[in-house]
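Topology and contacts: notes
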Amino acid sequence: KDITVGAGWAGSIDEVGFKGEMQYFAARDQTPSQFNAVMEWDYMFAKGWYINGSFLWNNQGLTKPVDDWTKVNFNLSPRNLMPTQYNVLLNTSKDITPLLRASLGMVYTPGTHIAIVLPSFQYNLSDRWDINLVWQSFYGEMNNSFQAVTYRVFLRAKWNF
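Reading the values: rules and limits
Along each chain, residue indices are assigned from 1 in the same order as the chain's sequence is written. Restriction of local features to residues with pLDDT of at least 70 applies here, the model being predicted, together with a cutoff of 80 or more for giving and counting side-chain atom pairs; totals for whole chains, interfaces and linings are based on all residues. To obtain the side-chain values, all non-hydrogen atoms of the structure were used and water was disregarded. Criterion for a salt bridge: a side-chain nitrogen of Lys or Arg within 4 Å of a carboxyl oxygen of Asp or Glu. Only DSSP runs of H or I reaching four residues or more are called helices, and only runs of E reaching two or more are called strands; each is numbered from the N terminus. Three labels apply to residues, based on accessible area from a 1.4 Å probe with only protein chains included: buried if under 20% of the type maximum, exposed if over 50%, partly exposed otherwise in between. A pair of aromatic rings is counted whenever rings of Phe, Tyr or Trp (Trp by its six-membered ring) have centres within 6.5 Å, and the orientation is called stacked for planes under 30 degrees apart, edge-to-face for over 60 and tilted otherwise. A residue counts as positive if it is Lys or Arg and as negative if it is Asp or Glu; His and the chain ends are not included. Contacts are assigned to residue pairs that have any heavy atoms within 4.5 Å of one another.

1. What to know about the pattern of salt bridges
- Scanning the entire structure with this criterion turns up 5 salt bridges.
- Salt-bridge contacts for R79 lead to D2; the nearest nitrogen and oxygen are separated by 2.9 Å. Pair noted here: R79 is in the loop between β4 (50–58) and β5 (86–95) and D2 is in the segment before β1 (4–13), with a separation of 77 residues, a long-range link.
- Note on R79: relative accessible area 11%, which makes it buried.
- The salt bridge partner of R28 is D29, with a shortest N-O separation of 3.5 Å.
- Its relative accessible area of 29% is what places R28 among the partly exposed residues.
- One network of salt bridges, in which partners are shared, links D2, R28, D29 and R79.

Here it is in structure tokens:
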């Protein structure tokens, strides 16, 4: 349905991974044109710590704090990766044991003052089975006050074949 054009790159600067992508969606019917751009870097430390940071820009995204969460478009798609214009993601992970990995991700959206905290644990039950415990905490500025909006937790089992 969409007419789109994009470009991406991947490489490294010294030992730091660096990649990015840009995508333009042409206007159609009642939908305006849209441009998304992502830049990402990552690094693996000698002791097994992994760190990743990225920035997403969505020219059609929200730029001000939200007063009514029911009006926010959380229908995520290639056109709408995040409902906000500016998005910063930081993530770190570490293998606690050869079978257990802990991760902590954080998303912050300047302007709209939304924050998402994403701690998780992954455990390898066998060569083909993993389980993940993921917690999601959503915070936002509403009525000039930064507050918790909702929490979610889920357990996922994954079979690799």
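2. A look at the packing of aromatic side chains
- Within this structure, the stated rule accounts for 9 aromatic pairs.
- On the numbers, 6.3 Å between centres and 15° between planes, the contact of Y139 with F146 is stacked.
- When the ring of W159 is compared with that of F161, the centres are 5.1 Å apart and the planes differ by 35°; the resulting orientation is tilted.
- In this structure W159 comes out as partly exposed when scored by relative accessible area, which is 46%.
- A connected cluster of aromatic rings, assembled from ring pairs, spans W135, Y139, F146 and Y151.

3. Regarding the side chain of E141
- Take E141: it is sitting in strand β8 (residues 129–142).
- Buried charge without a salt bridge: E141, with K64 as the nearest opposite-charge side chain at an N-O distance of 12 Å.
- With residues up to four places along the chain from it excluded, the contact list for E141 reads P65, V66, T112, H113 and F146.

4. Notes on the environment of F55
- As for its placement among the helices and strands, F55 is situated in strand β4.
- Residues within four places of F55 in sequence aside, it is in contact with A37, V38, M39, Y86, N87 and V88.

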